Amino acid sequence: MNEVLKFDRLHLWHPYAKAGEEAPPVWEVVKAEGVKLTISDGHELIDGVSSWWCACHGHNPPEIVEAIQKQAEKFSQVMFAGFTHRPAAELGELLLSAAPGNMEQIFYVDSGSVASEAMMKLAMLYQEARRRPERKLMLTIKGGYHGDTLGAMSVSDPDGMHHAFAGAMVQNIFAEAPKSKHGGEFCEDDIADFGEKLRANEGKIAGVILEPVFQGANRMYFYHEEFLRRVKVLCDEFDILLMFDEVASGFGRLGKFFASEFAGVEPDVMSVGKGLTGGMIGLAAVLASGKVARVAGSFTHGPTFMANPVACAAGAASLRIFQRGEWQKRVAAIDKQLRKELAPAMELPNVADVRSMGAVGVIEVKKMPPPEAYRQLLLKNGVWLRPFGNYIYTMPPLITGEGDLTKITSCMLEIAGI
Ligand SMILES: *Cc1c(COP(=O)(O)O)cnc(C)c1O
């Protein structure tokens, strides 16, 4: 163990991990470029999860590195109260041109979880301004994930990874998640429970928060977009805000730039994060329709690093790469290859389901191999994956080539097979 690993072992916490001697092992990254991570023992690993779904153009794309360097030399941070700057405006313009047509107003924050918090506050402000101050709750669907802060946890799956905090959270309202799969038939039953919960609690609900089409960090599931169209009609009927959390589904991941495009539904409010800066630096945002922004009044939220200039410059550079449009062909190719190469997993006795959409591929297993066994397989295959629950999945950088993707899928099959 070198100095870094020794210090880490003694003092650094990792996500969802114990401290100290009982902590799961980690590898030290010494280089990240394109789709590859190099660790300190010399192994190269293809980043099959885009470093938690962020590095959509791969690691260190030169255009974004340059944008960050240039902005850091000019100025790296100024408060956003009383000031503005070019990177914030440039990123904003690019974001609005890519977002649903009704989006007009942008609120920058530092992470996806905080975007969820801000989005829910905006819904409450909107209802308050409409003289319905008793509308403070959120309606969502089971199996969702919106972040790790208290408010975000209160709309994520209550029986899942956050159960220890159950008593500390607002009791929001959960409807059954849709069972109809994306690409299959829509079953009318899917909207029944949601409709009932909404009608029964209409006077208490400020907004509906959902991950459109793709429920990620909780269940890796792609559901039918018709569900979103039904939800939209119900929300409009009761003037309840419809909020799409596009933190995972946005930026081309599923094959369209935003998942809302599959349904043709314009939400009232949406959030973006993860891929916003091409995964180069933390930044997220809440986007709102003009109507919501005008009604809601003063947005009582204001992170210290709101609209950080370096992060905004990275975001603008990332969106310019997207604007060139190459991602569409690549995601279509990744989609096709994932379907083809993951299909044989269905034959394995340990496999419960195989599914994929765009640049997301999932093998759901009955039993996960022990961590040490799959870590050895990762090293052997030269691939980085981070399975959770019973899901072995990949969300590779959108630039991943055919050969590298084959290495990822064969590694996934090998893990599923042990
Ligand atoms: C990751 C994620 C978040 C939280 O984002 P952080 O930047 O980790 O706070 C919120 N919503 C969805 C859908 C996510 O996938």
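An account of the accompanying structure is given in this report. (Residues numbered from 1 in each chain as written. Predicted model: local features only at pLDDT ≥ 70, side-chain atom pairs only at ≥ 80, totals over all residues. Heavy atoms only, no water.)

**With respect to the overall build of the chain**
What counts here: What counts as a helix is a DSSP run of H or I of at least four residues, what counts as a strand is a run of E of at least two, and both are numbered from the N terminus. The quantity called the radius of gyration is restricted to C-alpha atoms. Its globule counterpart is 2.2 Å times the number of residues to the power 0.38. Accessible area is worked out with a 1.4 Å probe on protein chains only. A residue is then buried under 20% of its type maximum, exposed over 50%, and partly exposed in between. By the convention used here, residues are in contact when the closest approach between their heavy atoms is within 4.5 Å. Positive charges come from Lys and Arg, negative ones from Asp and Glu, while His and the chain ends are left out of the count. To locate a charge, take atom NZ for lysine, CZ for arginine, CG for aspartate or CD for glutamate.
Across its full length, the chain carries 14 helices and 16 strands. A compact globule built from 418 residues should have a C-alpha radius of gyration of about 22 Å, and the chain, at 21 Å, falls within 12% of that. Each of the three principal axes of the chain carries a C-alpha extent, and together these read 60 × 55 × 45 Å. Residues counted as buried form 56% of the 418 residues belonging to the chain. Sequence-distant contacts, at least 24 apart, represent 72% of the contacts inside the chain between residues at least 6 apart. Positive and negative charge centroids in the chain, built from 43 and 51 side chains respectively, lie 1 Å apart.

**As for the site of the ligand**
Going by this rule: A molecule or strand has a residue near it when one of that residue's heavy atoms lies within 4 Å. Here a polar contact is recorded for every N or O atom pair within 3.5 Å, except that within protein the pair must consist of a potential hydrogen donor and a potential acceptor, and residues adjacent in sequence are included only if both atoms are side-chain atoms. Under the convention used here, a 1.4 Å probe and the Shrake-Rupley method define accessible areas, while residue burial counts only the protein chains that appear. Residue type decides the class: Asp, Glu, Lys and Arg count as charged, Ala, Val, Leu, Ile, Met, Phe, Trp, Tyr, Cys and Pro as nonpolar, and the leftover types, Gly among them, as polar.
Taken together, W53, S111, G112, S113, Y145, H146, G147, E211, D245, V247, A248 and K274 form the complete shell of residues around the ligand. Taking D245, its side chain carries an N or O atom lying 2.7 Å from a nitrogen atom of the ligand. The fraction of the free accessible surface of the ligand (380 Å²) that becomes covered by protein chains is 83%. Looking at the shell around the ligand residue by residue, the classes come out as four nonpolar, five polar and three charged.

**Notes on the packing of helix α3 (residues 62-74) against helix α11 (residues 309-323)**
Each pair of packed helices gets described by two things: the angle between the helix axes and the distance between those axes. Note the following rule: Where helices are involved, their axes are fitted lines through C-alpha atoms of the stretch in contact, as for all axes, and angles between N-to-C directions lie from 0 to 180°. Angular relationships are summarised with four words: roughly parallel below 35 degrees, roughly antiparallel beyond 145, roughly perpendicular across 65 to 115, and oblique for the angles in between. In this scheme, a crossing is called left-handed if the near helix is turned counterclockwise away from the far one by less than a right angle; it is called right-handed if the turn is clockwise.
Closest axis-to-axis distance for the α3/α11 pair is 8 Å, and the angle between their directions is 150 degrees. By the angle between their directions, the pair α3 and α11 is classed as roughly antiparallel. Here the hand of the crossing between α3 and α11 comes out right-handed. Of α11, the residues touching α3 (which contributes E63, I64, A67, I68, Q71 and A72) are P309, V310, A313, A314, A317, S318 and I321. Looking at the contact of α3 with α11 residue by residue, the classes come out as ten nonpolar, two polar and one charged.

**Some words on α3**
To be explicit about the condition: One less than the number of residues in a helix, times 1.5 Å, gives the span that helix is expected to have. The directions considered for the arc run from the helix axis to the C-beta atoms.
For α3, built from 13 residues, the straight-helix expectation of 18 Å at 1.5 Å per residue is met to within 8% by its first-to-last C-alpha distance of 19 Å. Within α3 the residues assigned to the buried category are I64, A67, I68 and Q71. Buried residues of α3 fall within an arc of 100 degrees about the axis and therefore sit on the same side. Facing away from the buried surface of α3 by more than 90 degrees, the exposed residues are P62 and E73. Contacts made by the buried residues of α3 are with α4 (86-98) and α11.

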